[in-house]
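# Inside the fold
Residue strings, one per chain:
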Amino acid sequence: MADGIQVPNCDRCDKPSVLFQRYSGRSLCNKHLIDSVHKRFAKELRKQLELPKSGGETTILVAISGGKDSALLLDRLVRILGPRKDVKLVAGCVDEGIDGYRSPSMDCARQLAENLEIPFETVSYPELGFERMDTVVDRLPVIRQNHSETRGMAPCSFCGVFRRQGLNRLAERVGADVMALGHNLDDMAQTVLMNMQKGDLERTLRLAPHTDAPLEGLAPRIVPMRWIPEQEVHASAMALGLSFFHDECPHAPGALRQRNRELVSRLEEDVPGSRHGLVHMVDAVKELEKKAKMAGVDDIRPTLPTPCPICGSPTSGDICKACEFTAMVNDAAQ
Ligand code: SF4
Ligand SMILES: [Zn+2]
Ligand SMILES: [Zn+2]
């Protein structure tokens, strides 16, 4: 009982529940929530992570940010894979250069890796040849003036492209065979919706996990939390006592993802299970592509990625987005 409100008991034991899963109709206490999240995580990890049977060490770069999602990701990976001699986990964090946000969240990320005794690597935007995000944001009004195609773009459009390069650089540095990302069910559903809004089939087909179809030259991504809703990730990270950074990036408001976050949660409220449906849809589309390929149809993808002539990253355009954005940011300084 709290403030006269009856808290329902857990469906598995007689403890008070901390969370109601609307899509399944179950109420769960802390312990059973952690069990349930762990089970889904481990099952999905088994599906996505193929370790060579012939031995040899597999290095996994675990992308962490200091936030709850990647904290749970690293904690569970250490728990499941930590005892294995044939797996090496390395945590990696990209420093985007955002005052008041990145430094404390980076401290959280470093602390978490230290607590779990996992090596910790970082790379900053200037080390990658990009401006700090705070500088990019300062130059955005000029960039928008000079390039009409950027007018609807929020800082995250630039940041996401640069961060991907940062993670690839870290993966290269540590010799990663696989990269683990902490995307939860809400993130995945938002991404699916955003790609559909843009009619971007190529990105839809490229969405992680990449177990079946690794992208040329890049460590395949795994996303073992993709079926776990954000609320459950948050509650589990709290229940496990993981330390994570709570504040949001100051450049986040206004991004397309923020608007999609609202859309997805409204959809879910209207029709529980919508998030699962969106992600299942992409799996079905990827499966169709696989079947078509097996049947000899190999021109489904509009454009196959080729190396960017400036930096060598795979791109489906003339140059990659990171190089295109870098040129815009540099021009805006003059
Ligand atoms: S919210 Fe946007 S700008 Fe901030 S770190 Fe994330 S992607 Fe970068
Ligand atoms: Zn219980
Ligand atoms: Zn490039």
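It should be emphasised that the depicted structure is a prediction, and the values quoted were computed from it without experimental measurement.

## Some remarks on the coordination of the zinc ion (ligand 3)
Taken together, Cys308 (SG), Cys311 (SG), Cys320 (SG) and Cys323 (SG) make up the protein donors of the zinc ion (ligand 3), found 2.3 to 2.4 Å from the metal. On the primary sequence, the residues serving as donors to the zinc ion (ligand 3) are separated as C-x2-C-x8-C-x2-C. Using a relative accessible area of 3% as the deciding quantity, one classes Cys320 as buried.

## Here's the deal with the nonpolar core
Counting residues in hydrophobic clusters, the biggest one holds 52 residues, and the most contacted among them are Leu61, Tyr125, Phe158 and Phe162. A total of 8 residues in this core trace back to one element, the largest contributor, which is helix H6 (residues 155–174). In contact with Leu61, other than residues within four places in its own chain, are Val90, Ala91, Gly92, Leu167, Leu170, Ala171, Val174, Ala176, Val178, Met179 and Ala180. Judged by nonpolar contacts, the second largest core, of 39 residues, contains Phe41, Ile64, Val78 and Ile222.

## Thoughts on the pairing of strand E3 (residues 58–63)
Counted residue by residue, E3 has 6 buried out of 6 residues, so it is predominantly covered. Residues Thr58, Ile60 and Val62 point to one face of E3 and Thr59, Leu61 and Ala63 to the other, with burial holding for every one of them. Note: E3 against strand E4 (residues 87–95), 6 bridges, orientation parallel. Note on E4: the bridge partner recorded for Leu61 is Val90. As a crossover connection, the stretch from E3 through helix H2 (residues 68–81) into E4 is right-handed. Inspection of the sheet shows E3 paired to strand E6 (residues 178–180) by 3 bridges, in the parallel sense.

## Observations concerning the coordination of the zinc ion (ligand 2)
Those protein atoms acting as donors to the zinc ion (ligand 2) are Cys10 (SG), Cys13 (SG), Cys29 (SG) and His32 (ND1), and they sit at 2.1 to 2.4 Å. In this structure, the zinc ion (ligand 2) is coordinated by 4 donor atoms arranged in tetrahedral fashion, with angles at the metal of 103 to 114°. Note on Cys13: relative accessible area 25%, which makes it partly exposed.

## Looking at the environment of Gly166
Among the structural elements, Gly166 can be located in helix H6. Judged by its relative accessible area of 0%, Gly166 is buried. Note: C-alpha distance between Gly166 and Glu57 (109 residues apart in sequence) is 23 Å. Residues within four places of Gly166 in sequence aside, it is in contact with Val94, Val123 and Leu128.

## Side note on the side chain of Arg102
Among the structural elements, Arg102 can be located in helix H3 (residues 102–115). Since its relative accessible area comes to 4%, Arg102 is described here as buried. Among the polar contacts made by the side chain of Arg102, one reaches the side chain of Ser105 at a distance of 2.7 Å. Not counting residues within four places of it along the chain, the set of residues in contact with Arg102 comprises Ser65, Cys93, Val94, Asp95, Glu96 and Gly97.

Conventions and cut-offs
Just so you know, the residues in each chain are numbered from 1, in the order the chain's sequence is written. Each chain is given a letter, starting from A, and each ligand a number, starting from 1, according to the order in which they appear as written. Given that the model is predicted, a residue must reach a pLDDT of at least 70 before its local features are reported, and side-chain atom pairs must reach 80 or more before they are shown or counted; all residues, however, enter totals for whole chains, interfaces and linings. Values reported for side chains reflect all heavy atoms of the structure, with hydrogen atoms and water molecules removed beforehand. As a rule, N, O and S atoms within 2.8 Å of a metal are its donors, except that Na, K and Ca use 3.2 Å; water is not among the atoms, so sites may look incomplete. Burial status follows relative accessibility: with a 1.4 Å probe on protein chains alone, a residue under 20% of its type maximum counts as buried, one over 50% as exposed, and anything between as partly exposed. By nonpolar core is meant a set of buried Ala, Val, Leu, Ile, Met, Phe, Trp, Tyr and Cys residues that side-chain atoms within 4.5 Å join together. Helix numbers and strand numbers start at the N terminus; a helix is a DSSP run of H or I with at least 4 residues, a strand a run of E with at least 2. It only takes one pair of heavy atoms within 4.5 Å for two residues to be counted as in contact. When DSSP locates at least two bridges between a pair of strands, those strands are taken to pair. Crossover handedness is defined by viewing with both strands directed away from the observer: a clockwise path from the first strand over the helix to the second marks the crossover as right-handed. The geometry test gives tetrahedral to four donors whose angles all lie between 85 and 135 degrees, gives square planar to four donors and octahedral to six donors whose opposite members are over 155 degrees apart with all other angles between 65 and 115, and gives irregular to the rest. Throughout this description, a polar contact denotes any pair of N or O atoms lying within 3.5 Å of each other; where both atoms belong to protein, one of them has to be capable of donating a hydrogen while the other can accept it, and for residues adjacent in sequence the pair is counted only when both atoms sit in side chains.

Taken by themselves, the reported measurements are silent on function.
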